[in-house]
Amino acid sequence: MKAIEMEKAYDPKTFEDRIYGEWESKGYFKPASDEASPVHAKYACQCDSCKKTDTYAVVIPPPNVTGVLHMGHGLNNTLQDIVVRYHRMRGDNTLWLTGTDHAGIATQNVVERKLKAEGLSRNDLGREKFLERTWQVKEEHHNIIVKQQKKLGNSTDWDRERFTYDEGLSGAVRDVFVTLYERGLMYKGKRLVNWCPRCGTALADDEVDHEDTQGAMYHIYYEYADGSGKIEVATTRPETFFGDTAVAVNPKDERYTAIVGKMLKLPLTGKEIPIIADDYVDMEFGTGMVKITPAHDPNDWEVGKRHDLEVINLLTPDGRMNENVPEKYRGLKPEAARKLVIEDLTEAGLFKEEEKMVHSVGKCYRCKTVVEPYLSDQWFVKMKPMADKALAAWKAGEIQFFPQKWENTYEQWLVNIRDWCVSRQIWWGHRIPAWYCECGETIVSREDPKCCPKCGAGADKLKQDPDVLDTWFSSWLWPFSTLGWPENTEDLAKFYPTTALVTAYDIIFFWVSRMIMAGLEFTGKAPFHDIYIHGLVRDKQGRKMSKSLGNGMDPLEIIDMYGADALKFTLGFMCAQGQDILIDKDSFKLGSRFCNKVWNASRYIMGNLEGRNLIPITDADLTELDKWIYSRLDNATRIAREALESYRYNDAASAMMEYFWNEYCDWYVEATKLSFKNGDEHEKDRVVSVILNLLEENLRLLHPYLPFVTEEIYAKLPLAELVVNRKNAGANKIITTSEYNGMIINAPFPEPSDDRKNEAVTKRFDVLKDLVGKVRALRVECGIDPALKINIALKIEKGSDAEVCIGYADMVKLLSGIAKIDFVDAKPASSIGTVGVGFEAFILLDESINKEQLLTRFQKTLDEHKKYAERSQNKLNGNFAQHAPADQVAAERAKLAEELNVVEKMEVYIKELQ
């Protein structure tokens, strides 16, 4: 046959887009159960060999349509793609469902910023025109996101793509709202909520980011109403005391027992407030007296409810002081009002001091504005009943976290859960399906009501609630609403519950926990079983990537530099469970080097096909070397499969790289060069046939991590001939019997085989590898030019595994840069040695070695390490050993032992040379 041409240089730009287009157009991303899938016939066939296995379904965490994908999305999408490709190759009926999130507040902020640049506001446009502009922004960003995901190589079923604000999901959202209302789990009430003055909307507790901020504790005097004295309270928000309706002390605090019930003058006002007793007060903190402002602090709100205190709101919706404060403060932002209040208190002799401090301040998770506790009418979901179900499902083993440590976070959040404020005072989002009649009736309905059921008023007399639902109210339905729920669709029956969720730890509360609650509440089943929580992508300094720090990375830029496979392999290789990934642009050279290795090794093999004939190979035709490499392939296959089944991405990637680069390429392929050089025609044909069978299976092993380059190379293999020869070879146990002849994306992933395991051969070749490694290391230690052929002597222990070195002496010579090997019974004179299991190897200091140069090198090394050893010894003889931590002293002793070992070795080498 002729050699198969491959481009000299690996250039992913020449084939990645073409290959992705072929995958998509031919239906390879579709589950096998779809008639459009290339493997549907096998799925539909009921014979024993074609029976379908499991279903594997994953829903993508939908990115927000507010921008472009960042490297965090790159990691998340890569990890999903790896396991999806793996399960597709396993023969599972695999679906990866994709889509995007309408991202209510975030998207509205983007549009409002655009309008502001035009000198407009949303109110200038009105609700309908504003929504038209928002849909335009959504389409622009959606198109960019889809382009990025295809560049990444996402093998998602694009025909099933969903959007959290599309018609189907909107119907599911409305159905859930009404169902919760009917079950008594949805209610409207006037409560203290987190309020963002910039966004003009309520926020859920987990939409508030808490940041340590420089502030102050202000100490203020409150005088007794009867003029008998004064008390001291401390607060970080003195401008809020206009809303104080009590001062509280702990009932167990004997210092204040006598004054409970007394009245105080509220500073700068004519009001009086009582001193009350409540267990909430910490007796040890400050003076043990706390001002109670029910409308502006969640803890005070609870105290106020227990004591039936008046609730006085001090803020307007845009965060300014309102009519409930003295006139001079009205219209001011809280910071300005605070400054003026302190001035007035000082003038009145009621201000004691300002104490600088750092304290936690809540900020909007989208616009970073300081969030205010605010009394407002909002819709809430009762979470406790659903949280109890979610906890029970976890305890029953219906869901499993990888890594397991996140179970504690999940449990704590559900145990301490509070009701969820789901209404938002914005325009972009699912409109709340509630209408209000002039008669006072509230109508919550799946369909727009035509009249009031109480008074009969027509639809024109009903006003729909202007608010929309929290973005997460649609996202929590994602695993089942995307499959057609509440309708009993074919997809819902086949793919729900889904198999796995792959997501970052920063949205466990926002999304993961709520999806579990929703799944159990509305379908009776947890929405997935496996929950893999991966780390975040950070820069090399451990900082989160952000625009403000300028340390972000665009996945497309990395793909342009190195290719998608380099990005995917690097992220998979570096993704260890429970750890963040610290990277920079240079990190992706790791994946690029591996892609180049795969390309170049394949190119070498294809180039050696000239004049060769592929022949059927049976297990009996395999040499010990062949059996060894098949045992290593089996080992890598087992590690990779086990790792991918438990989401240990780095372990699978490491096993693949170690096998392909170090064992297959650097050992096996290099060793076969001896057959090409010295073998007869039949041996050369045999070697080519084995090495191609191995390459074909290796590409299948690597495909989940390197989908593009493996597909490009796989298409060049003489697959038809390989399949024919496998059939003609008959039943084999070591050589693969796969008869697949299509695109690698649907090829079978390698199977572990006990027949390939060969511990005896593995042990013998481990010794062989150890010998070559030690000779190479000794050459480096002696500074011998890698190109220089040297002479060595080997002393082999009889009956040991090291006897393999005798039969493979030519391989040892080839891989170690050796001209001649003498097998000896004792150490030769004038030689430098190294020891392994069952062997001693000696570099002969003969005419092939420049002894003077070597002596100079050894003497220099000896002098350097003597100095290091002396320095370490002096350090241990001094105060260091008595005063330093034990681990540091132990490390220093180990360092000294290492230096003395080098000194001893150099002295022996020098003696040999002299």
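My aim in this report is to walk through the structure given alongside it, one point at a time.

Parameters and conventions
Residues numbered from 1 in each chain as written. Predicted model: local features only at pLDDT ≥ 70, side-chain atom pairs only at ≥ 80, totals over all residues. Heavy atoms only, no water. Helix = DSSP H or I, 4+ residues; strand = E, 2+ residues; numbered from the N terminus. Buried < 20%, exposed > 50% of the residue type's maximum accessible area, 1.4 Å probe, protein only. Areas by Shrake-Rupley, 256 points an atom, 1.4 Å probe, with all protein chains shown as cover. Lys, Arg positive; Asp, Glu negative; His and termini not counted. Charge placed at Lys NZ, Arg CZ, Asp CG, Glu CD. Phe/Tyr/Trp six-rings, centres within 6.5 Å; stacked < 30°, edge-to-face > 60°. Pairing = 2+ DSSP bridges. Axes fitted to C-alpha atoms, helices over the stretch in contact; angles between N-to-C directions. Expected span 1.5 Å × (residues − 1). Contact = heavy atoms within 4.5 Å. Core = buried A, V, L, I, M, F, W, Y, C linked by side-chain atoms within 4.5 Å. Salt bridge = Lys/Arg side-chain N within 4 Å of Asp/Glu carboxyl O. Patch = residues over 30% accessible without salt bridge, like charges linked within 9 Å, V, L, I, M, F, W, Y side chains within 5 Å. Arc of directions from axis to C-beta. Polar contact = N/O pair within 3.5 Å; in protein donor to acceptor, adjacent residues only side chain to side chain. Parallel < 35°, antiparallel > 145°, perpendicular 65-115°, else oblique. Left-handed = near helix turned anticlockwise from the far one by under 90°. Nonpolar A, V, L, I, M, F, W, Y, C, P; charged D, E, K, R; others polar.

Helix and strand counts for the protein stand at 29 helices and 29 strands. If one aligns the C-alpha atoms of the protein with their principal axes, the spans along those axes are about 110 × 80 × 55 Å. Evaluated residue by residue, the protein yields a buried proportion of 54% over its 914 residues. When the accessible area of the protein is evaluated, it comes to approximately 40,000 Å², of which 48% is carbon and sulfur surface. Here the protein contributes 119 positively and 141 negatively charged side chains, and the mean placements of these two sets differ by 2 Å.

Attention now goes to the packing of aromatic side chains. This structure, assessed with the given rule, holds 45 aromatic pairs. Between tyrosine 10 and tryptophan 599 the ring centres are 6.0 Å apart and the planes differ by 55°, which places this aromatic pair in the tilted class. Note that tyrosine 10 is positioned in the segment before α1 (16–25) and tryptophan 599 in helix α18 (residues 589–607), a separation of 589 residues in sequence. Look at phenylalanine 130 and tryptophan 427: their rings are 5.6 Å apart centre to centre, the planes differ by 75°, and that puts the pair in the edge-to-face class. Of this pair, phenylalanine 130 sits in helix α6 (residues 127–152) while tryptophan 427 sits in the loop between β17 (423–424) and β18 (434–437), and the two are 297 residues apart along the sequence. Judged by relative accessible area, which is 0%, phenylalanine 130 ranks as buried.

One open sheet holds the four strands; their spatial order is β10-β11-β9-β12, and the pairing between them is mixed. For this open sheet the edge positions go to β10 (263–265) and β12 (289–292), each flanked by a neighbour on one side alone. The sheet shows a mean angle of 30° between the axes of neighbouring strands, direction not considered. As paired strands, strand β9 (residues 246–249) and strand β11 (residues 272–277) are joined by three bridges and run parallel to one another.

So, about the sheet that holds strand β5 (residues 186–196). Spatial ordering of the open sheet is given by β6-β5-β14-β16, a layout of four strands whose pairing is antiparallel. Two strands close off the open sheet at either side, each with one partner strand: β6 (201–203) and β16 (420–421). Examined bridge by bridge, β5 and strand β14 (residues 372–381) share ten bridges and lie antiparallel to one another. Within the sheet, the bridge partner assigned to lysine 190 lies in β14 and is aspartate 377.

Here the focus is helix α29 (residues 886–913). End to end, α29 covers 41 Å across 28 residues, agreeing with the expected 40 Å (1.5 Å per residue, within 8%). When α29 is considered as a whole, its buried residues turn out to be Val889, Glu892, Leu896, Glu899, Val903, Met906, Tyr909, Ile910 and Leu913. Taken together, the buried residues of α29 touch α24 (759–782), β28 (831–836), α27 (851–877) and α28 (880–883).

Attention now moves to the nonpolar core. One recurring pattern in soluble globular proteins: nonpolar side chains tend to sit buried together. Membership of the largest hydrophobic core comes to 146 residues, with the highest contact counts inside it found for Met71, Tyr649, Tyr664, Tyr668 and Tyr705. Counting residues per element, this core draws most heavily on helix α20 (residues 649–678), at 14 residues. In this structure, tyrosine 668 is in contact with Leu625, Asp626, Trp628, Ile629, Glu663, Val690, Ile691 and Leu694, ignoring residues within four places of it in sequence.

Attention shifts here to the pattern of salt bridges. One pass over the full model with this rule turns up 72 salt bridges. Between glutamate 645 and arginine 90 there is a salt bridge, with the nearest N and O atoms lying 2.6 Å from each other. Here glutamate 645, found in helix α19 (residues 624–645), pairs with arginine 90, found in helix α3 (residues 71–90); they are 555 residues apart in sequence, far enough to count as distant. When its relative accessible area of 27% is taken as the criterion, arginine 90 is described as partly exposed.

Once that is clear, we can look at a negative patch on the surface. A contiguous patch of negative charge on the surface is contributed by Glu5, Glu7, Asp11 and Glu610. Residue placement: glutamate 5 occurs in the segment before α1.

Attention shifts here to helix α8 (residues 298–307). Along an α-helix, a turn takes 3.6 residues, which lines up residues three or four apart on a common side. Of the positions making up α8, those classed as buried are Asp300, Trp301, Val303 and Gly304. Buried residues in α8, looked at end-on, bunch into an arc of 165°, giving them a common side. The N-terminus of α8 is capped by aspartate 297, whose side-chain oxygen sits 2.9 Å from the backbone nitrogen of asparagine 299. Residue aspartate 308 follows α8 closely and has a positive phi angle near 55°.

Turning our attention to unusual backbone geometry. A cis amide bond, omega -10°, links phenylalanine 402 with the succeeding residue proline 403. Residues tyrosine 496 and proline 497 are joined by a peptide bond in cis, for which omega reads 0°. Within the secondary structure, proline 497 is located in the loop between α14 (490–495) and β22 (500–504). Of note, leucine 268 is a non-glycine position whose phi angle comes to about 65°, a positive value. Mapped onto the fold, leucine 268 is located in the loop between β10 and β11. A positive phi angle, close to 50°, is found at serine 830, a residue other than glycine. Counting through the fold element by element, serine 830 comes out in the loop between β27 (818–823) and β28.

For the rest of this paragraph, the subject is the packing of α27 against α29. Following both chains from N to C, one finds α27 and α29 inclined at 155°, their axes separated by 8 Å at the closest point. Relative to α29, α27 is oriented roughly antiparallel. α29 is crossed by α27, and the crossing has left-handed handedness. Within the contact of α27 with α29, the residues separate by chemical class into 16 nonpolar, five polar and seven charged.

Inspection of the secondary structure assignment puts aspartate 101 in the loop between β3 (99–100) and α4 (104–117). Owing to a relative accessible area of 3%, aspartate 101 belongs among the buried residues under this scheme. Residues in contact with aspartate 101, not counting those within four places in the same chain, are Pro62, Pro63, Asn64, Val65, Phe163, Thr164, Thr471 and Ser475.

Bridge analysis of β18 against strand β19 (residues 442–444) gives three bridges, and the strand direction is antiparallel. Residue pairing for β19: alanine 434 is matched across the bridge by valine 444. Here β18 runs beside strand β20 (residues 462–464); their pairing, made up of three bridges, is antiparallel. Following the sheet pairing, tryptophan 435 is matched in β20 by glutamine 464.

Without other data, these values stay purely geometric and don't point to any function.
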